[in-house]
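Residue strings, one per chain:
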Amino acid sequence: MSAPHAVSAAAVRRKGAGLGLLAWLLGVAFFLPIAWMALTSFHSEADAATNPPSFGAALTLDGYREFFGTGGGASPWPSLINSTVASVASTLFVLLLALPAAYALSVNRVRKWTDVLFFFLSTKMLPVVAGLLPIYLFAKNTDLLDNIWLLVILYTSMNLPIAVWMMQSFLAEVPVAIIEAARVDGARLPTVLARVVAPIALPGIAATALICFIFSWNELLFARVLTGVVAETAPVFLTGFITSQGLFLAKVCAASLVISLPVLAAGFAAQDKLVQGLSLGAVK
């Protein structure tokens, strides 16, 4: 190997090692707050409130007992169930609506399809709080306050534009020849979407579903204003731990960790599909 090639290979290896080290540092930086929250959740309130924090403090499950209501407090299960229903149902509705819309914008392209995409994305530019009062008045006049299905409708409408935008780019990678072959064989549009397009674009669909689920699970503003007792979601339940009596750090960390687990578990389980879906079309 000539000297210039050897220097070039060494430079590439150093650059790769530097990027790898940077990625590890960023990963640790993002993981530290979660690790800190998990450790604090196993401390007593007295140990959690010390400054500087005590790393060697005794571990206890008191924060989790308080969260799950074993000490006489409110049970979190209704709120967790409400969040699950709202997030899962809205995500399913988004996928059912976004798939044919993205198909029309990517495979069977309508006229001025780029303008349609921009319109979808422009709906996300309105500040959420700007639509809060009209939606509240509508819910009040239609007796939908404190109704979990109102949140399902809202989360579906909020996530649909970004889902159509994402899935349009994913479905654009589906070979048109396969779709045309299915049509020649007599397949109708529902069959083409379900048996041809969906399996090929599955990584992109999974990535879209995961992002919509996370957005729905973490939504607080509408859930806080439009729900009360019956349809209270997990983030709203979490805000109830901040009272006039003070901030109980260990209990709040325990509650935050439990409420974050579904999102963390879904992201971990679908990480391969997420990376594959988000990278679709990046390399031709």
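Residues numbered from 1 in each chain as written. Predicted model: local features only at pLDDT ≥ 70, side-chain atom pairs only at ≥ 80, totals over all residues. Heavy atoms only, no water.

Peer 1: Looking at this structure, I do not really get the overall build of the protein chain. What am I missing?
Peer 2: Looking only at helices and strands, the protein chain has 14 helices and two strands in total. Taking all 284 residues of the protein chain together, the buried fraction comes to 35%. The contacts of the protein chain with a sequence gap of at least 6 include a subset with a gap of at least 24, amounting to 75%. If you sum the accessible surface of the protein chain, you get close to 16,600 Å²; carbon and sulfur atoms cover 70% of it. (Helix = DSSP H or I, 4+ residues; strand = E, 2+ residues; numbered from the N terminus. Buried < 20%, exposed > 50% of the residue type's maximum accessible area, 1.4 Å probe, protein only. Contact = heavy atoms within 4.5 Å. Areas by Shrake-Rupley, 256 points an atom, 1.4 Å probe, with all protein chains shown as cover.)

Peer 1: What is the right way to read the packing of aromatic side chains from this model?
Peer 2: Within the structure shown, the criterion is met by five aromatic pairs. Seen in terms of ring centroids, Phe67 and Phe68 are 4.9 Å apart; in terms of plane orientation they differ by 75°. Their pairing is edge-to-face. According to the relative accessible area criterion, Phe67 is buried, its value standing at 1%. Taken together through their ring pairs, the aromatic side chains of Phe67, Phe68, Trp77 and Phe237 make up a single cluster. Over the ring of Phe248 we find Lys251, and its NZ or CZ is 4.9 Å from the ring centre. (Phe/Tyr/Trp six-rings, centres within 6.5 Å; stacked < 30°, edge-to-face > 60°. Lys NZ or Arg CZ within 6 Å of the ring centre and 35° of its normal.)

Peer 1: Quick question: what am I supposed to make of the nonpolar core here?
Peer 2: For soluble globular proteins, nonpolar side chains are generally found buried alongside one another. By size, the foremost hydrophobic cluster in this structure holds 28 residues, and its most contacted members are Tyr103, Met167, Leu171, Ile179 and Val197. Apart from the residues within four sequence positions on either side, Val197 is in contact with Leu99, Tyr103, Leu171, Val174, Ile179 and Val192. One finds Phe213, Cys253, Ala255 and Ile259 within the second-largest nonpolar core, a separate group that totals 17 residues. (Core = buried A, V, L, I, M, F, W, Y, C linked by side-chain atoms within 4.5 Å.)

Peer 1: Please explain the confidence of the model for the protein chain as it appears in this structure.
Peer 2: Low pLDDT means the predicted atomic positions in that stretch should not be read closely. The predicted model of the protein chain averages 84 in pLDDT, with 89% of residues at 70 or higher. Mean pLDDT across the elements of the protein chain bottoms out in helix α14 (residues 271-278) (61) and peaks in helix α11 (residues 221-226) (94). (pLDDT = per-residue confidence, 0-100.)

Peer 1: Is there a simple way to explain the packing of helix α9 (residues 189-200) against helix α10 (residues 202-218) in this structure?
Peer 2: The relative placement of two packed helices comes down to the angle between their axes together with the axis-to-axis distance. Running from amino to carboxyl end, α9 crosses α10 at an angle of 80°, the nearest separation of the two axes being 4 Å. The angle between α9 and α10 falls in the class roughly perpendicular. Taking contact as the criterion, the partners of Ala198, Pro199 and Ile200 in α9 are, on α10, Leu202, Pro203 and Ile205. Here the residues of the contact of α9 with α10 sort into six nonpolar, no polar and no charged. (Axes fitted to C-alpha atoms, helices over the stretch in contact; angles between N-to-C directions. Parallel < 35°, antiparallel > 145°, perpendicular 65-115°, else oblique. Nonpolar A, V, L, I, M, F, W, Y, C, P; charged D, E, K, R; others polar.)

Peer 1: Could you clarify how one ought to interpret the packing of helix α4 (residues 77-106) against α9 in this entry?
Peer 2: The interhelical angle for the contact between α4 and α9, taken along N-to-C directions, is 95°, at an axis separation of 11 Å. If you check the angle between α4 and α9, you find them roughly perpendicular. Along its contact with α4, which presents Leu99, Pro100 and Tyr103, the element α9 presents Leu189, Val192, Leu193 and Val197. Taken together, the residues of the contact of α4 with α9 sort by class into seven nonpolar, no polar and no charged.

Peer 1: I tried to follow helix α7 (residues 148-171) on my own but got confused; where do I start?
Peer 2: Note on helix geometry: an α-helix contains 3.6 residues per turn, so any two residues three or four positions apart are oriented the same way. Across its 24 residues, α7 extends 32 Å between first and last C-alpha, which sits within 8% of the 34 Å expected from 1.5 Å per residue. Within α7, the axis deviates most sharply at Leu160, by approximately 40°, and proline Pro161 lies no more than four positions further along. Taken across its 24 residues, α7 has 17 buried, putting it largely inside the fold. Regarding α7, its N-cap is Asn147, as a side-chain oxygen of that residue lies 2.9 Å from the backbone nitrogen of Trp149 further along. (Expected span 1.5 Å × (residues − 1). Bend = angle between axes of the 7 residues up to and from the residue. Polar contact = N/O pair within 3.5 Å; in protein donor to acceptor, adjacent residues only side chain to side chain.)

Peer 1: Teacher, can you tell me more about a nonpolar patch on the surface here?
Peer 2: A contiguous nonpolar patch, built from Trp77, Ile81, Val85, Phe93, Leu96 and Trp149 and spanning about 650 Å² of accessible area, is present on the exposed surface. Top element by residues in the nonpolar patch is α4. It accounts for five residues. (Patch = residues over 30% accessible without salt bridge, like charges linked within 9 Å, V, L, I, M, F, W, Y side chains within 5 Å. Salt bridge = Lys/Arg side-chain N within 4 Å of Asp/Glu carboxyl O.)

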